[in-house]
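# Report on the structure
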There are 2 protein chains.
Amino acid sequence: MSMSSILTVYLGSSLFVVSLVWFLFGRKNSQLDKLLMCWWAFTGLTHMVLEGYFVFSPEFFKDNTSCYLAEVWKEYSKGDSRYAGRDSAVIAVEGITAVIEGPASLLAVYAIAKGKSYSYVLQLAVSLGQLYGCLVYFITAFLEGDNFATNAFYYYSYYIGANGWWVLIPLLISYRSWIKICETSDNVDTKTQKKKKKIP
Amino acid sequence: MSMSSILTVYLGSSLFVVSLVWFLFGRKNSQLDKLLMCWWAFTGLTHMVLEGYFVFSPEFFKDNTSCYLAEVWKEYSKGDSRYAGRDSAVIAVEGITAVIEGPASLLAVYAIAKGKSYSYVLQLAVSLGQLYGCLVYFITAFLEGDNFATNAFYYYSYYIGANGWWVLIPLLISYRSWIKICETSDNVDTKTQKKKKKIP
């Protein structure tokens, strides 16, 4: 499959998921919450379907059936050959991402929609996990010579460009979640102090 | 240096740090908070001093000066030869632990002592980081054959035994911090709902 077909299917199905979430949860929630739910649905499915396939398909590179998921990873390996080479650090990070962070991301969609008390702490935990994964991913490549891309185009578009979103967005979400959790804690503290002052 | 001398220095200096924290912050804080502060001081200094030395001393294995920190890692390498072999996944995890989690652990001591609003969220973040690090550490070893110890004694005492504490304690702390954060959020929600009901 060509790069454009792979990207069209990925972006098309992502757009479908995002639209579905946007319109399904459209009534009660704020614009920002809807946007966050779209992100969590998109990233959760990417983790579970795409990255899950990679983790549990050690022979994807030999697949000749034009299976879409195998084609994705053959294409992505042009930006990072450690995927084709089954590098253990890459499999460890992708495994944690697919098995723990994928389902947790979908739980975040539900938590935001229902206004659960664990909504911010869950979003923080998954975002920090994504950031930790990206750190291990980039540091191991750097330590091993940072020479795993076929050429500069694949290096900047796949290795840097595609992964950059999973640095930027988790950074923003973890910052916001952290602030929200601290604000709630501050409110409770202030109220407790006021009560104490009232009782002489 | 012999194994017993290395352990004596490590346990002795850890006991000194723990006692110092216990008696310095003894008055205002609960027993559990004091215990947590002891843990964060101990783990923070272990991350920064011991693991920091490993990360930034690629030639520790050649050190002939009987430097204590080099001796620690020569000894620990008997339980996991990837340390002597400068495995990139190990360096990445140890680097994140030493540079980010070490100082963050010491900040947790301060946050608990001063009752800061970010106390639980910080403890959760660092504990989850420690757990993620342990997962990457154990999964990469497993994927590469789990055959890095000199013998079964070093495997179970160093590789499993020593690291086991950094799985067990972060698990307990992250569970507690998560529950505390959710309780606070629940309290605020209940109060907001009560206020809304009062206003017709």
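Just above sits the structure.
Figured I'd write up the structure that's included with this text. Residue numbers here run from 1 along each chain, matching the order of that chain's written sequence. As they are written, the chains are lettered A onward and the ligands numbered 1 onward, keeping that order. With pLDDT at 70 or above as the cut-off, local features in this predicted model cover only qualifying residues; side-chain atom pairs require 80 or more to be listed or tallied, and sums for whole chains, interfaces and linings still use all residues. As a rule here, side-chain values come from all non-hydrogen atoms in the structure, and water together with hydrogens is ignored.

### Structural notes on empty space enclosed by the protein
Residue and element names in this part refer to chain B. A pocket here means an open set of points on a 1 Å grid, computed over the protein atoms alone, that has protein on both sides within 12 Å along at least five of seven lines. A cavity is instead a set of points where a 1.4 Å probe fits but cannot get out; residues with an atom within 4 Å of a point line either one. Grid points are joined across faces, edges and corners, and a volume is the space filled by probe spheres set on the points. For the structure shown, the criterion picks out one cavity of 30 Å³ or more. In this structure, the largest cavity is lined by Gly79, Asp80, Ala141, Asp146, Asn147, Phe148, Ala149, Tyr155 and Tyr159. Here the nonpolar group is Ala, Val, Leu, Ile, Met, Phe, Trp, Tyr, Cys and Pro; Asp, Glu, Lys and Arg are the charged ones; every other residue, Gly included, is treated as polar. When its residues are assigned to classes, the lining of the largest cavity shows five nonpolar, two polar and two charged.

### Re the relation of the copies chain B and chain A
When the copies are superposed, the least-squares fit draws on C-alpha atoms of residues that have pLDDT of at least 70 in both. After a rotation of 180° and a shift along the axis of 0.0 Å, chain B superposes on chain A with an RMSD of 0.0 Å. The superposition of one copy onto the other is thereby described by a two-fold rotation axis. Distance from the rotation axis, computed per C-alpha, reaches its smallest value in chain B at B:Ala89: 2.9 Å. In what follows, residue pairs with any heavy atoms lying within 4.5 Å of each other are defined as contacts. A symmetric contact is evident, with 97% of the interface residues of chain B recurring at the interface of chain A.

### Brief notes about the pattern of salt bridges
Residue and element names in this part refer to chain B. What counts as a salt bridge is simple: a side-chain nitrogen of Lys or Arg found within 4 Å of a carboxyl oxygen of Asp or Glu. Enumeration over the complete set of coordinates arrives at eight salt bridges over all chains. One salt bridge in this structure joins Lys78 and Glu75, with 2.8 Å as the shortest N-O distance. Its relative accessible area of 30% is what places Lys78 among the partly exposed residues. Partly exposed residues are those whose accessible area sits between 20% and 50% of the maximum for their type, while under 20% is buried and over 50% is exposed, using a 1.4 Å probe and protein chains only. A residue is classified by how much of its surface remains accessible, and Glu75, at 7% relative accessible area, is buried.

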